[in-house]
Protein chains: 2
Amino acid sequence: MVSEQKIADVSFESLLRIFTIPEGPDSTLTQIEEGLSKNLNQFLREHIVAEEKPLHEIEKDFSSAVIPEQPAFVSDHTEHLLDTLVSHSVHTSSPSFIGHMTSALPYFLMPLSKIMIALNQNLVKIETSKAFTPLERQVLGMLHKLIYGESEPFYSRWMHSANHSLGAFCSGGTIANITALWVARNNALKAQGDFLGVEKEGLFKAMKHYGYEGLAVLVSERGHYSLKKAADVLGIGQQGLVAVKTDSHNRICPEDLKAKFAQLKENKIKPFAVIGVAGTTETGNVDPLREIAQICQQESCHFHVDAAWGGATLMSAKYRSLLDGVELADSVTIDAHKQLYIPMGAGMVLFKQPDAMKSIEHHAQYILRKGSKDLGSHTLEGSRSGMAMLVYAAMHIISRPGYELLINQSIEKARYFADLIKQQDDFELVSEPELCLLTYRYVPKYVRNALVIASTEQTTEIHNLLNELTKVIQKKQRETGLSFVSRTQLNPIQWTLRDTIVFRVVLANPLTTTDVLSSVLEEQRDIAKTAPNLMARLEQVSHEILQTKDQK
Amino acid sequence: MVSEQKIADVSFESLLRIFTIPEGPDSTLTQIEEGLSKNLNQFLREHIVAEEKPLHEIEKDFSSAVIPEQPAFVSDHTEHLLDTLVSHSVHTSSPSFIGHMTSALPYFLMPLSKIMIALNQNLVKIETSKAFTPLERQVLGMLHKLIYGESEPFYSRWMHSANHSLGAFCSGGTIANITALWVARNNALKAQGDFLGVEKEGLFKAMKHYGYEGLAVLVSERGHYSLKKAADVLGIGQQGLVAVKTDSHNRICPEDLKAKFAQLKENKIKPFAVIGVAGTTETGNVDPLREIAQICQQESCHFHVDAAWGGATLMSAKYRSLLDGVELADSVTIDAHKQLYIPMGAGMVLFKQPDAMKSIEHHAQYILRKGSKDLGSHTLEGSRSGMAMLVYAAMHIISRPGYELLINQSIEKARYFADLIKQQDDFELVSEPELCLLTYRYVPKYVRNALVIASTEQTTEIHNLLNELTKVIQKKQRETGLSFVSRTQLNPIQWTLRDTIVFRVVLANPLTTTDVLSSVLEEQRDIAKTAPNLMARLEQVSHEILQTKDQK
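Given the structure is predicted, the values throughout are model-derived calculations rather than measurements.

1. A few points about the overall build of chain A
- Looking only at helices and strands, chain A has 19 helices and 11 strands in total.
- Taken over the C-alpha trace, chain A has a radius of gyration of 27 Å; the compact-globule value for 552 residues is 24 Å, and the two agree within 12%.
- The dimensions of chain A, computed from C-alpha atoms along their principal axes, are 95 × 70 × 45 Å.
- Each of the 552 residues in chain A was classed as buried or not, and the buried ones make up 66%.
- Once local pairs closer than 6 in sequence are excluded, the contacts in chain A between residues at least 24 apart make up 70%.
- Approximately 19,000 Å² of chain A is accessible, and the part contributed by carbon and sulfur atoms is 49%.

2. Focus on helix α2 (residues 28-38) of chain A
- Considered for burial, the residues of α2 of chain A that qualify are T28, L29, T30, I32, E33 and L36 of chain A.
- Buried residues along α2 of chain A sit in contact with α3 (40-47), α5 (74-84) and α6 (109-119) of chain A together with α2 (28-38) and α6 (109-119) of chain B.

3. Overview of the packing of helix α15 (residues 388-423) of chain A against helix α18 (residues 514-529) of chain A
All names here are of chain A.
- Contact geometry of α15 with α18 gives a least axis separation of 11 Å together with a crossing angle of 35°. Every pair of crossing elements has a handedness; the one defined by α15 and α18 is right-handed. Where α15 approaches α18, its residues K413, Y416, F417, L420 and I421 are matched on the opposing element by T514, L517, S518 and L521.
- Among the residues making up the contact of α15 with α18, the classes are represented as 6 nonpolar, 2 polar and 1 charged.

4. Re the packing of aromatic side chains
- Inspection of every chain in the model, using the stated rule, returns 23 aromatic pairs over all chains.
- Relative to Y440 of chain A, the ring of F427 of chain A lies with its centre 5.9 Å away and its plane at 55°, an arrangement referred to as tilted. Of the two residues, F427 of chain A sits in strand β8 (residues 427-431) while Y440 of chain A sits in strand β9 (residues 437-442), which places them 13 residues apart along the sequence. Accessibility classification places F427 of chain A together with Y440 of chain A in one group, the buried group.
- Residues Y210 of chain B and Y212 of chain B carry aromatic rings whose centres are separated by 5.6 Å and whose planes lie at 10° to one another, so their mutual orientation is stacked. Of the two residues, Y210 of chain B and Y212 of chain B, neither departs from the other in class, the shared state being buried.

5. Here we look at the sheet that holds strand β10 (residues 486-490) of chain A
Residue and element names in this part refer to chain A.
- Taken in spatial order, the 4 strands make up an open sheet running β8-β9-β11-β10, and their pairing is antiparallel. Every other strand in the sheet has two partners, leaving β8 and β10 as the edge strands with one partner each. Across the sheet, the axes of successive neighbouring strands diverge by a mean angle of 40°, strand direction being ignored.
- Pairing of β9 with strand β11 (residues 500-506) involves 4 bridges; the strand directions are antiparallel. Of the residues in β11, the one forming a bridge with T439 is R504.
- α15 rests against β8, β9 and β11 of the sheet, and its axis sits at about 15° to β9.
- The strands touched by α18 are β8, β9 and β11; relative to β9, the strand with the most contacts, the crossing angle is about 30°.

6. Some thoughts on the relation of the copies chain B and chain A
- Expressed as a screw operation, the relation of chain B to chain A combines 0.0 Å of axial shift with a rotation of 180°, fitting to an RMSD of 0.0 Å. Here the symmetry operator amounts to a two-fold rotation axis.

7. Description of helix α7 (residues 132-148) of chain B
Residues and elements named next belong to chain B.
- Over its 17 residues, α7 runs 24 Å from end to end, which matches the ideal 24 Å to within 8%, given 1.5 Å per residue.
- Most of α7 is tucked away, with 16 of its 17 residues classed as buried.
- Trailing α7 by a residue or two, G149 shows a phi angle of about 55°, which is positive.

8. Looking at the pairing of strand β2 (residues 214-220) of chain B
Residues and elements named next belong to chain B.
- Within β2, 7 of the 7 residues are buried, leaving the element largely enclosed by the surrounding structure.
- Neither face of β2 is left uncovered, since the one carrying G214, A216, L218 and S220 and the one carrying L215, V217 and V219 both have all their residues buried.
- Here 6 bridges tie β2 to strand β4 (residues 269-277), and the two strands are oriented parallel to one another. Following the sheet pairing, L218 is matched in β4 by V274.
- As paired elements, β2 and strand β3 (residues 241-244) share 4 bridges and run parallel to each other. Residue pairing across strands places S220 opposite V244, the latter belonging to β3.
- As a crossover connection, the stretch from β2 through helix α11 (residues 226-233) into β3 is right-handed.

9. Focus: the interface of chain B and chain A
- Contacts between the two partners involve 184 residues from chain B, matched on the other side by 184 residues from chain A.
- Run the count over chain B and chain A and you get 11 salt bridges.
- The partner of K130 of chain A in a salt bridge is E52 of chain B, with the nearest N and O atoms 3.4 Å apart.
- At the boundary of chain B with chain A, the tally comes to 62 residue pairs in polar contact (both at pLDDT 80 or more).
- With 19 residues, helix α14 (residues 388-423) of chain B is the single largest residue contributor to the side of chain B that touches chain A.
- When its residues are assigned to classes, the side of chain B that touches chain A shows 88 nonpolar, 59 polar and 37 charged.

10. Looking at the side chain of H304 of chain B
Residues and elements named next belong to chain B.
- Tracing the backbone through its elements, the reader meets H304 in strand β5 (residues 302-306).
- Look at H304 and you get buried, because its relative accessible area is 0%.
- Polar contacts involving the side chain of H304 include one to the side chain of N177, which spans 2.8 Å.
- For H304, the side chain forms a polar contact with the side chain of S331, separated by 2.8 Å.
- Apart from residues lying up to four places away in sequence, H304 is in contact with N177, A180, V274, I275, G276, S331, V332, T333 and V349.

11. Brief notes about the pairing of strand β7 (residues 347-351) of chain A
All names here are of chain A.
- Across the 5 residues that make up β7, a large majority, 5, are buried.
- In β7, alternate side chains face the same way, and those of G347, V349 and F351 on one face and M348 and L350 on the other are all buried.
- Sheet topology places strand β1 (residues 167-170) next to β7; 4 bridges connect them, and they run antiparallel. Bridged to A168 within β7 is V349.

Rules and cut-offs
- Residues numbered from 1 in each chain as written.
- Chains lettered and ligands numbered in written order.
- Predicted model: local features only at pLDDT ≥ 70, side-chain atom pairs only at ≥ 80, totals over all residues.
- Heavy atoms only, no water.
- Helix = DSSP H or I, 4+ residues; strand = E, 2+ residues; numbered from the N terminus.
- Rg over C-alpha atoms; globule rule 2.2 N^0.38 Å.
- Buried < 20%, exposed > 50% of the residue type's maximum accessible area, 1.4 Å probe, protein only.
- Contact = heavy atoms within 4.5 Å.
- Areas by Shrake-Rupley, 256 points an atom, 1.4 Å probe, with all protein chains shown as cover.
- Axes fitted to C-alpha atoms, helices over the stretch in contact; angles between N-to-C directions.
- Left-handed = near helix turned anticlockwise from the far one by under 90°.
- Nonpolar A, V, L, I, M, F, W, Y, C, P; charged D, E, K, R; others polar.
- Phe/Tyr/Trp six-rings, centres within 6.5 Å; stacked < 30°, edge-to-face > 60°.
- Pairing = 2+ DSSP bridges.
- Least-squares fit on C-alpha atoms with pLDDT ≥ 70 in both.
- Expected span 1.5 Å × (residues − 1).
- Right-handed = clockwise from strand over helix to strand, strands pointing away.
- Salt bridge = Lys/Arg side-chain N within 4 Å of Asp/Glu carboxyl O.
- Polar contact = N/O pair within 3.5 Å; in protein donor to acceptor, adjacent residues only side chain to side chain.

Remember that the coordinates give geometry; whether it matters functionally is a separate question.
Structure representation (structure tokens):
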């Protein structure tokens, strides 16, 4: 029965070996693995080269679309991966990589990940996951309790109930948000009379049945870009994502939210969800959740909170009040791979009501039979890995007070950095940290002086030059490889909504020290000097402005 | 700046240690990890207990929704995980676990997974993934070439092009199928005149603009349950998923497909996609892809192939013709975590045209800027792990001919098993294997004799009893823990479409021997004896039928 065929150097017997027998103790792969086990950060420091290789150069190593006809030895290929891939990957766990929401990971997650991957469970159904199913339901219960704080009887009644679900584990915040809006849409357009519900008859018939001219989701103008994708996928259209005005702290204006509701209803457009953001991606601000919840209640509208990043703050007794009102939300997105320090691929959405997800329930003959506790009947995804195990382990090993320390230090470090920036006469803090995210830019002292008295046109000219300078500094700093901050474009009220390019910093990594922060500013200051043309032009413009004043 | 606060036993200093210093060489976790490294299958055999513990018992270990207030030692918690989770997880890599599409994994993927997780790249953008981005593009290129076989210049032109994408890497087949249908829907309802396209204006306005009364996706009645989810999410509604009749081999009837097209158009319903299945989940059959492609071309309709499971067959020069016509599809789904032997979470969708995904392109200020090569502008998901690395490594280490051997042996093993079943006088093969999946059931010899002459009513009675028996055997076998086959319900033509419960077997695991297959049948035969009531009833009914005949 076993094929006798031999192709090149491959035989079925040698192939079987790769499924059973590992490499010897001296093999490259074994050594690499040991290095990783011994000291993860040291290993990464040694192997990820700091110097930037241009992308088009890297692409040359990844240019063939042909699947190799010759097998490679495991050790040889591992060396190849080290040289071409690992050495040119991004050192996301470095203490000076403070540009995005990635951080160093607790080392114990590495070996545990190996167990997770070796077990290769499929969480779509109990038959391929067994104990992982109750474990994932418990993790969802823990996050539900963290948000909603229901009583013990609530969880013993619903957490493991076959026909209920406290939420869904998924690959990330985008799928979590789509799931929440999917549930909200289906509940808003549910079966009624002869109409069988949007899930059966589709959006067009639903709109005709309900007599709506359109659907809308209301969200702060600072909402995550992925919500546009969600609106597109769900058939609402990006225009259905209505932007609500924000105040000087990038938070939704409740008055504008109310006005938008009135306006939409006048146009027969049904607003079926409001999204409050708990930690905007660009500025880290939190919408006034309690006020939004009250408006949603009046309007009988689903209230979703996108706390993909900020949700971890609930672990902190000291700072959880920053998310006051989150417990009034109908659904909440949290990414464990952000500030819960879990590897990439651990998103969750939690629903206040255990029966909220009924509107998206799916069954099938060979799996997900009705009445089964299979998780797949309430998830957008099908096959899924046992990632929940890592969240479970981290919750136990770090524990709630441990997470509190991590959250507190990140917020307090951001405040420290904000103070540090304010103390400099050549840096400008653009947005204050509310959680552990802030934005700023480099503005030479003489430019700051000039801006105080500049005319509108002069201000615009300086702004354009500063935008260029920020871009140059950010790019050069990234390429130099010692540290990394990201950049984005804001429209701050203090700069009369001008397009303003800023550095963006997220201080989630517990290994980031105050020294690192000082060095980042120092480096940026130094890089600015390496852009003589821009600096000369800024100096000239500022000089002219200041001279005119002196002459007056 | 660092918080001075101490809660219970947690200090910030001790917390920092878990980010930097691993456990000692004698710790439980280190030992477990070594066990896994030395012999994965041995480790799993030793730790996954064969005996079934009822789910409600397991749930007791996962019943608290409270996040612990006390940190656990890593080693203690690891032992806890071994006892409560690992020991009650499913041995998906066991040679006798032949009920689902999971299999043993090549051992070299374990250490490589650890590298992947330690690097913690985020593939949404280059800034957090660097070399992983060209690597993922190359993997997509490889799969594209495997399907479409375009020339070298095609790949050097498009594979790394910023504004193009040969496909999307995602967490699994469901997201891959949704992505394909999303693209197809948006292309069918694209901008025209004043209409800005469904992605902007939503489905309701799109339908009014185009004057359609509904949308439809045509798919075999054997299509995967997840397509219902896709139709629901995308706003088409499950009724929009039109089932096309299948023949005695569970393959779409092209005539019925044509008839369905005509019927839909008469009702002003727009069929915007046809899905051909290459490896149905329940019976493993492949639709006549070439014929479907021709019909789609005539109808100017998007042709998607769901080859989530069967796509790996393209690796086999010997058997790739089973998927003849797949190269005519506009898009194809393949799951690398099925028969490409990659851990859970590696789905892909490939598009024939490099600009097909334009209709779902998304950009944002702080990432995915226009003109960047960020992968996130063409994926439904946002943050994603570097899973593509494992596909890349397996392609190189196993190589195309190695995969061919794996595929060939799985198909040939299924044929062997089918023959074996046919040789038994008390087993009935219900569906022949086309790839490596087959279904069958246990039918005692006297029952088979009786069925030959039974009346319609008698046949129905026997069928109902056999259905019960199949359920009992499958459940008992799973609980006993020596081997696992799954079960599903079919409506085979040879049994005049009666609901027929069958055992379902997928022979993907290269470690499954012919001895294992013989044992599975032997065990099922033995278990049947432990259901005396059912067996007695079957015997009685059969006896009566056979006696009546003898009397005639």
